[in-house]
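# Structural features, examined
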Amino acid sequence: MSPVRDYRRLIEPTRVHSALYYDPQVFQEELSRIWYRGWVYVGHVSEVPNRNDYVTKSIGPTPVLMVHDRRGDISLLLNKCPHRGNQLCAYSQGNRTSFTCPYHSWTFANSGELIGYAYADGYQGADKSQFALGRVPRIGIYRGFVFGSFAEDGPSLDDYLGGAKASIDQLLDNSPEGELELTAGFLQHRTKANWKFMLENETDGYHPAFVHGSIFQVAESGIGNLYSPASTALTRDFGNGHTEFDLRPEWRRSAKPLQWFGTDAERLPGYAAAMTAAYGAERARQIMIDGSPHTMIFPNLFIAEIQLFVLQPVAVDETIQHVTALQFKGAPELNRRLRQQTMGSVGPAGFLLADDTEMYERNHRGALIRDPEWVTLIRGLHREGRDADGFRIGHATDEVPQRGIWRHYLDLMTS
Ligand code: FES
Ligand code: FE
């Protein structure tokens, strides 16, 4: 299939055309070239800890069931009845060995096979095996993070994640047991804006001083220093569209453990003790200074220091952000704090997400204004460098991540 748009004319190294944000044809083509082809984050194994647990998730606009099935496997099934196409499961989570369609009551094992028709006399000679639930053909799990791909082949998940695996490793170091447990439940925020505004903004260190300026004052944690011209934080492009806002250099400069929103190690003595027991005093202190990463894994997983975001594009101008508090195994004291901070920052009346959401909707409205038709991504081009691993880096406020995202996007849309 040839592209509907000539993407090489819409994406240049330091500017992109606004049509990429508002054109419904571009959105349709993104579905086939990004969401229904590459690796997409779906959920975390800790959401389905017991056999027969399931959660409803999505890959792009397509609803899927992530099931810890009766055989003990994690599988991704399409949440769609093969009879007449009804959406099969209406609940967001549960524990069941089978799913029964609410329309005509066909029943499927939680491993996907059709196990029974209602009024079976009407199906003499029919082959049940032809009517199994659709299945996401490839599933990959990295340290509990479950990704799916609708392509039968392609790069391995390991190769795809590449340098971004280090961010997931850094995240899990925050657990005394090296594991995440996403048990806090998800909030959903529906935003009237194209999904790529969120993708670009999550590791943007240029906007917070302005968009979130008031909260940094209220928090009195020094967090606003991360986003100033004097900051030693870095922006990084891992390749494959994965990007990072690396806070560690700035945290290390002040050397105070656990600084997210005014938290400090003295206020979490139980957590500090558990970390010390697990890693030894020196390493535990280093982990608590470094904190958890601020990394966007293309196209939809954002690890945001204290919470995790999942982007779900619904339409060219509509995106759902699914948000949950990070919860670490063996760290109840820290987890309580992270839940409170998540409600305060990105909950229904949260200060951070409301600020960003207003910008996303203004971004989208701005894209519809025809003059100028291009957006610019030149910030920090003259000082872009490489880190020891060869990844592009820049100052905290530089547009290194955004240029990296569009480089990868162009590859996907033209390959
Ligand atoms: Fe599901 Fe008919 S559509 S049983
Ligand atoms: Fe923001």
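Just so you know, these numbers come straight off a predicted model, no measurement behind them.

### Observations regarding the overall build of the protein chain
A tally of regular secondary structure across the protein chain gives 14 helices and 22 strands. Expected size for 415 residues packed as a compact globule is a radius of gyration near 22 Å; at 22 Å, the protein chain falls within 12% of this value. Each principal axis of the C-alpha distribution contributes one length, and for the protein chain these read about 75 × 55 × 40 Å. Within the protein chain, the proportion of its 415 residues that are buried is 45%. Excluding contacts between residues fewer than 6 apart, the proportion of contacts in the protein chain whose partners are at least 24 apart in sequence is 62%.

### Overview of the domain arrangement of the protein chain
When cut into domains, the protein chain gives domain 1 (40–149) and domain 2 (165–414). Between the C-alpha centres of domain 1 and domain 2 the distance comes to 32 Å. Taken together, the contact between domain 1 and domain 2 spans 12 residues of the former and 16 residues of the latter. It is strand S3 (residues 40–44) that provides the largest number of residues to the side of domain 1 that touches domain 2, a total of three residues. Grouping the constituent residues of the side of domain 1 that touches domain 2 by class yields five nonpolar, five polar and two charged.

### As for the confidence of the model for the protein chain
Summarising the model, the protein chain shows a mean pLDDT of 94, and 97% of its residues fall at 70 or more. Scoring of the predicted complex yields 0.96 for pTM and 0.96 for ipTM.

### Overview of the environment of Val-42
As for its placement among the helices and strands, Val-42 is situated in strand S3. Along the sequence, Val-42 and Arg-70 sit 28 residues apart, while their C-alpha atoms lie 20 Å from each other. Residues within four places of Val-42 in sequence aside, it is in contact with Lys-57, Ile-59, Val-64, Met-66, Leu-76, Val-146, Phe-147 and Gly-148.

### Looking at the sheet that holds strand S21 (residues 385–386)
Spatially, nine strands are ordered S13-S19-S18-S17-S16-S15-S14-S22-S21 in an open sheet, and the strand pairing comes out antiparallel. A strand with exactly one partner marks an edge of an open sheet, and here the two such strands are strand S13 (187–191) and S21. The sheet contact formed by strand S14 (residues 234–239) and strand S15 (residues 242–246) spans five bridges and is antiparallel. Among the inter-strand pairings, Thr-235 is bridged to a residue of S15, identified as Phe-245. Contacts from helix H12 (residues 332–346) reach strand S18 (307–315) and strand S19 (318–325), with the element oriented near 155° to S19.

### Let's talk about the sheet that holds strand S11 (residues 138–142)
The pairing of strands in a sheet happens through backbone hydrogen bonds and is either parallel or antiparallel. One open sheet accounts for three strands, arranged S3-S12-S11; its pairing is antiparallel. Each having just a single partner strand, S3 and S11 make up the two edges of the open sheet. Neighbour to neighbour, the strand axes of the sheet diverge by 30° on average, direction disregarded. Of the strand pairs in this sheet, S3 and strand S12 (residues 145–149) are connected by four bridges, and their pairing is antiparallel. Each bridged residue has a counterpart across the sheet, and for His-44 the counterpart in S12 is Phe-145.

Conventions and cut-offs
- Residues numbered from 1 in each chain as written.
- Chains lettered and ligands numbered in written order.
- Predicted model: local features only at pLDDT ≥ 70, side-chain atom pairs only at ≥ 80, totals over all residues.
- Helix = DSSP H or I, 4+ residues; strand = E, 2+ residues; numbered from the N terminus.
- Rg over C-alpha atoms; globule rule 2.2 N^0.38 Å.
- Buried ≥ 20, exposed ≤ 12 C-beta atoms within 10 Å, placed from the backbone.
- Contact = placed C-beta atoms within 7 Å.
- Domains from an automatic or database assignment.
- Nonpolar A, V, L, I, M, F, W, Y, C, P; charged D, E, K, R; others polar.
- pLDDT = per-residue confidence, 0-100.
- Pairing = 2+ DSSP bridges.
- Axes fitted to C-alpha atoms, helices over the stretch in contact; angles between N-to-C directions.

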